[in-house]
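Per-entry structural report
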Amino acid sequence: MNENIRQNLIDAGCDEEFIERFAACLSDEKKCGKMLAAHRRELLDEVHAKERCISCLDYLVFTMKKEGLK
């Protein structure tokens, strides 16, 4: 596997198991694409979960200020 591809996968948060499975399927572009799409969905789900947490905190701060509970 090209070192640039490997580093990009590491930078994208892929673990060694994922990288090994990805390297094994490099001859199957469709399978590699599905793996990358699945990993992207997982990352996006994590982002959305963190956004919900931030929204909850923002609401708490808003409520506390509104009620004078600084």
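We now turn to the structure provided with this report. As the structure is a computational prediction, the values presented were derived from the model and not from experiment. (Residues numbered from 1 in each chain as written. Predicted model: local features only at pLDDT ≥ 70, side-chain atom pairs only at ≥ 80, totals over all residues. Heavy atoms only, no water.)

A short note on a nonpolar patch on the surface
As a reminder of what qualifies: The patches reported here contain residues having more than 30% relative accessible area and no salt bridge. Joining distances are 9 Å for like charges and 5 Å for nonpolar side chains (Val, Leu, Ile, Met, Phe, Trp, Tyr). Here the Shrake-Rupley method, with its probe set to 1.4 Å, supplies the accessible areas, and only the displayed protein chains count as covering residues. The term salt bridge refers to a side-chain nitrogen of Lys or Arg lying within 4 Å of a carboxyl oxygen of Asp or Glu. Counting from the N terminus, the helices are the DSSP runs of H or I reaching at least four residues and the strands are the DSSP runs of E reaching at least two. For each residue, the accessible area found with a 1.4 Å probe, counting protein chains only, is set against the maximum for its type, and the residue is called buried under 20%, exposed over 50%, and partly exposed in between.
Together, Leu57, Leu60, Met64 and Leu69 make up a nonpolar patch on the protein surface, roughly 370 Å² of accessible area in all. Mapped onto the secondary structure, Met64 falls in helix H3 (residues 29–66). Of the residues examined, Met64 reaches a relative accessible area of 32% and is grouped as partly exposed.

Side note on the nonpolar core
Across soluble globular proteins, nonpolar side chains show a tendency to be buried alongside one another. Counted only if it meets this: Buried Ala, Val, Leu, Ile, Met, Phe, Trp, Tyr and Cys residues that are joined via side-chain atoms within 4.5 Å together make up what is termed a nonpolar core.
By size, the foremost hydrophobic cluster in this structure holds eight residues: Leu9, Cys14, Phe18, Ile19, Phe22, Cys25, Cys32 and Met35. Secondary-structure elements contributing two or more residues to this core are helix H2 (16–24) and H3. Looking at which element gives the most residues to this core, the answer is H2, with three residues.

Examining the packing of aromatic side chains
Put simply, the rule is: Ring pairs shown here join Phe, Tyr and Trp side chains whose ring centres sit within 6.5 Å, with only the six-membered ring taken for Trp; geometry is labelled stacked below 30 degrees between planes, edge-to-face above 60, and tilted in between.
Scanning all chains against the criterion turns up two aromatic pairs. Look at Phe18 and Phe22: their rings are 6.3 Å apart centre to centre, the planes differ by 15 degrees, and that puts the pair in the stacked class. Here Phe22 and Phe18 lie together in helix H2, a separation of four residues that amounts to about one turn. For Phe18, a relative accessible area of 8% translates into the label buried. When the centroid spacing of 6.5 Å and the interplanar angle of 35 degrees are considered together, the rings of Tyr59 and Phe62 count as tilted. Separated by three residues within a single helix, Tyr59 and Phe62 lie in helix H3, roughly one turn from each other.

Remarks on H2
This is how it is decided: To be clear, the arc concerns the directions from the helix axis to the C-beta atoms. By definition in these notes, contact holds between two residues if any of their heavy atoms fall within 4.5 Å.
Along H2, the residues classified as buried are Phe18, Ile19 and Phe22. The buried residues of H2 occupy an angular sector of 100 degrees when the element is viewed end-on, so they sit on one face. H2 presents Glu17, Glu20 and Ala24 as exposed residues on the side facing more than 90 degrees away from its buried surface. Of the surrounding secondary structure, the elements contacted by the buried residues of H2 are helix H1 (3–11) and H3.

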